[in-house]
Amino acid sequence: MNWLGKVVGAVLGLVLTRHPFGAVLGALLGHLFDNGTFAWQRTVQRREMPNFFQLLFAFAGAMAKADGRVSEREIAATEQLMQRMQLNMSQRREAIERFNAGKTPGFDVEQTIRGLRAWCLGRRDHAYVLIDVVLDVVFADGAGSERLQLMRRLCAALGVQEREVAVLAAMKGYAWNAYEAGSAEAPPPPRRTGGPDPYAVLGVERDADERAVKRAWRKLMSEHHPDKLGDVPEALRQRAEQRAREINTAYERIRSERGFR
């Protein structure tokens, strides 16, 4: 039996109320945490939310159409996203329907952004993995100002800062800042042949000292650890596992090159 929640609850209840009844009430609340009642409530809340795949592909459609047209590269990127999400035939048809809805004139993209924010439940690790898969569409065929603006609206709603998006982009081998002057006609910048820049992946300068590099690595692993994701689609968990490997690979490359312990 798990007693930690009961003990902590009883102590806090006694300290806050200075009365034995407070300890009893605190122990009761701790019992609810111990037996998973609140976790169950979060699961129910998740199940009652709009379908994640509907929201994701509707936003992808809006992103692809943001510059006024949908290119073959963007359609191919969306197809790859469906494969990566391991959609069955029914989910695939629904994803295509939502993608087409997202690219129609007058589509309410703000409502979709609110739905994605609700799906994240205020969790930054969920926001990171969501942005990670959306970036696949952003990088498909350059990134004009309209797409950048739409992407930034999503990031702002999720509470993710520009530098954090740059780190996620670096894991894919792209420089997010390179899109500042991009146009809708420009193809995405080529990936680095030697793999992502390990310093960009960790979000540190090349002259950062050992302490700063280690601090950045620990922070990223804490924020992106797949074991903390909880109830998310398996494909997102797999992407988070890959991202964690990329963070560790970047750290090990820097360690090897600079002789860190």
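Just above, that's the structure.
In what follows, the accompanying structure is described. These numbers were taken from a predicted model, which means no experiment stands behind them. (Residues numbered from 1 in each chain as written. Predicted model: local features only at pLDDT ≥ 70, side-chain atom pairs only at ≥ 80, totals over all residues. Heavy atoms only, no water.)

### As for the environment of Arg261
By the element assignment, Arg261 lies in the segment after α13 (234-258). Separated by 51 residues in sequence, Arg261 and Glu210 have C-alpha atoms that sit 9.2 Å apart. Ignoring any residue separated from it by four or fewer positions in sequence, one finds Arg261 in contact with Glu210, Lys214, Tyr251 and Arg255. (Helix = DSSP H or I, 4+ residues; strand = E, 2+ residues; numbered from the N terminus. Contact = heavy atoms within 4.5 Å.)

### Brief notes about the packing of aromatic side chains
Centre distance and the angle of the planes are the two values used to describe a pair of aromatic rings. Considering all chains together, one arrives at 3 aromatic pairs under this definition. Aromatic side chains Trp217 and Tyr251 sit 4.2 Å apart centroid to centroid with 5° between the ring planes, which places their arrangement in the stacked category. With a gap of 34 residues between them, Trp217 in helix α12 (residues 210-224) and Tyr251 in helix α13 connect regions that are remote in the sequence. (Phe/Tyr/Trp six-rings, centres within 6.5 Å; stacked < 30°, edge-to-face > 60°.)

### Topic: the nonpolar core
Grouped together as the largest cluster of nonpolar side chains are 49 residues, with contacts concentrated most on Leu56, Phe57, Phe59, Met85, Val134, Leu135 and Met151. At the level of elements, α4 (52-65), α5 (72-84), α6 (89-102), α7 (109-120), α8 (124-138), α9 (145-158), α10 (162-171) and α13 are the ones that each hand at least two residues to this core. With near-sequence residues (within four places) excluded, Leu135 lies in contact with Met151, Val165, Leu168, Ala169, Lys172 and Trp176. (Core = buried A, V, L, I, M, F, W, Y, C linked by side-chain atoms within 4.5 Å. Buried < 20%, exposed > 50% of the residue type's maximum accessible area, 1.4 Å probe, protein only.)

### Details of the pattern of salt bridges
One pass over the structure, following the stated rule, counts 13 salt bridges. Across the salt bridge formed by Asp67 and Arg147, the nearest N and O atoms sit 2.7 Å from each other. In this pair, Asp67 is assigned in the loop between α4 and α5 and Arg147 in helix α9, connecting sequence segments 80 residues apart. The exposure class assigned to Arg147 is buried, which follows from its relative accessible area of 0%. Note that Arg152 and Glu162 form a salt bridge whose closest N and O atoms lie 2.7 Å from each other. (Salt bridge = Lys/Arg side-chain N within 4 Å of Asp/Glu carboxyl O.)

### Some thoughts on α10
Of all 10 residues making up α10, 7 are buried, and the element is well covered by its neighbours. For α10, the secondary structure elements touched by its buried residues are α8, α9, α11 (198-202), α12 and α13.

### Brief notes about the environment of Leu121
The residue Leu121 is located in the loop between α7 and α8 in this model. Separated by 37 residues in the primary sequence, Leu121 and Leu158 place their C-alpha atoms 9.5 Å from one another.

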